[in-house]
Each structure stands twice: as C-alpha cells, then as structure tokens.
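Here is how the chains run, residue by residue.
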Amino acid sequence: MSFYWIKTNAIIKRYFSNYIWDIPNKENRIYLTFDDGPTPGVTEWVLELLKKENIKATFFCIGKNIEAQPNIFNSLVKEGHIIGNHTMNHLNGWKNLDENYLENTKQCETIIKKHQDKKPCLFRPPYGRIKRKQAIQLKKLGYKIIMWDVLSADFDTQITPEKCLKNVISSVKSGSIIVFHDSLKASKNLKYTLPKAIQHLKQNGFIFETIS
C-alpha cells in the first residue's frame, strides 16, 4: 500500500493553501464526505444510516457510476445531501493531460446536472492528485477544490476495521473534513467504522454539517 497520512500534515495544508483541507470553526462542526459512489449495496446502506442519524453529508461522485446507478444517485439528491464532482472516470490528475482532465470533469458535471437543477461547485481530485494548472482551470469554472483533514483509510484492505475506527476518532477536531468511501473495496471497514464513529463523535459534542 502506498504511503498516506491519516491526519493531513500541517505543512501540506500551508503549502497548498488554495485547496480546502478543513473548515475551522469554534462550534465543533465537522464535515462527513464520501468518495467514489454511487455503488449498489454500499451507498444505499450509507443513506439509511445517515437518515437514521439525521445527518447530511457531502458525496463526491464518479460520473460513470452515476450513469450506471441513476436511481441511487437520485436518492442522494432527494434526501438533501450535497453532490461534488469526482471526475467521470476517477482520473489521476498527475497522469493525465490538463485538457483531458478538464474535459473528463466537465463530462461528470453534465451527468450531475441531468439529475439536479444546479451545477456542482465542489470538486475532489481522485487520489488527491491534481496539477496546479488543472486546479486553476477548475477554479475558473467556479469549483472549490476540497481535500481532507482526516482520512479513514477504509479503502486499505490491509488494515483492520478497528484500526479504521481509531484513525477517525483519534484524529477529528472541530472543522475536520473526514473521508470515507462508498465503494465495494472499502465496504468492510466502512460498515464497521461509520456507525461507531458517528456515535462516538456525537457523544463528544461534534455536529455534522455539509460543505457548501
């Protein structure tokens, strides 16, 4: 497994300060986000849990997955969750030409607009990898580049669900943007961790908000 930070390094946040890594506040507000869906059997499970817990979240969706699962995506929109752009084909910005990356993102935008009456304004680069010029172009199109403060690492099949839970509850602070994945690969860790993390964070006075 390649190296990754559970808690994003403060130096990285300062160096790439034009991206949004967290949303500082004094009210213990935190931001739950999900990448890579919609995915059958996983996204619906997440939706049921969030509805039960009365939580709205921010979902960064892949265009091809929206096309494949329009009913699940419509449920995301109908239930009031915020939708972000995650490219059409989960592209790695470092490995793609700027024009190809931008066009792929526009394709995803077009798909999202078919299902809701507004253009998405949030973008999360797959793998967190995006070139400076790509980011500049996307910001000109009205996008905010949303990164994260806490990575659950639910996608890492080499860690236990217990470790995944610890990753979250030991790292969250007021303003944290937290990443989970509504994907098949992450489902084992996700389904163990998310309910327990939500309960722990609520009991410790955190309030869940969406990113706007």
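It should be emphasised that the depicted structure is a prediction, and the values quoted were computed from it without experimental measurement.

> Mind laying out unusual backbone geometry, listing which residues take part and the relevant values?
In this model, Gly 37 is joined to Pro 38 through a cis peptide bond whose omega is 0°. Here Pro 38 shows up in the loop between β1 (29-35) and α2 (43-53). One non-glycine residue, Asn 28, lies in the positive phi region at around 65°. Turning to its location among the elements, Asn 28 is positioned in the loop between α1 (10-15) and β1. Residue classification places Asn 28 among the partly exposed positions, given a relative accessible area of 28%. Residues other than glycine seldom take positive phi values, yet Tyr 127 does so here, at roughly 65°. Positionally, Tyr 127 belongs in the loop between β4 (122-123) and α6 (132-140).

> Would you mind going over α2 in detail, with residue names and values included?
Burial in α2 covers these residues: Thr 43, Val 46, Leu 47, Leu 49, Leu 50 and Glu 53. Looking down the long axis of α2, one finds its buried residues gathered within 165° of arc, a one-sided arrangement. Along α2, exposed side chains directed more than 90 degrees from the buried face belong to Glu 48, Lys 51 and Lys 52. Against β1, β2 (58-61), α4 (70-78) and α8 (187-203) lie the buried residues of α2. Asn 54 occupies a position one or two residues after α2 and carries a positive phi of about 55°.

> Summarise the side chain of Ser 174; cite the residues concerned and give the values.
For Ser 174, the position within the fold is in the loop between α7 (161-169) and β7 (177-181). Here Asn 25 takes part through its backbone oxygen, which lies 2.7 Å from a polar atom of the side chain of Ser 174. For Ser 174, the side chain forms a polar contact with the main-chain nitrogen of Asn 28, separated by 3.1 Å. If near-sequence neighbours (up to four positions away) are discounted, Ser 174 is found in contact with Asn 25, Lys 26, Glu 27, Asn 28, Arg 29, Ile 30 and Phe 206.

Conventions used here
- Residues numbered from 1 in each chain as written.
- Predicted model: local features only at pLDDT ≥ 70, side-chain atom pairs only at ≥ 80, totals over all residues.
- Heavy atoms only, no water.
- Helix = DSSP H or I, 4+ residues; strand = E, 2+ residues; numbered from the N terminus.
- Buried < 20%, exposed > 50% of the residue type's maximum accessible area, 1.4 Å probe, protein only.
- Arc of directions from axis to C-beta.
- Contact = heavy atoms within 4.5 Å.
- Polar contact = N/O pair within 3.5 Å; in protein donor to acceptor, adjacent residues only side chain to side chain.

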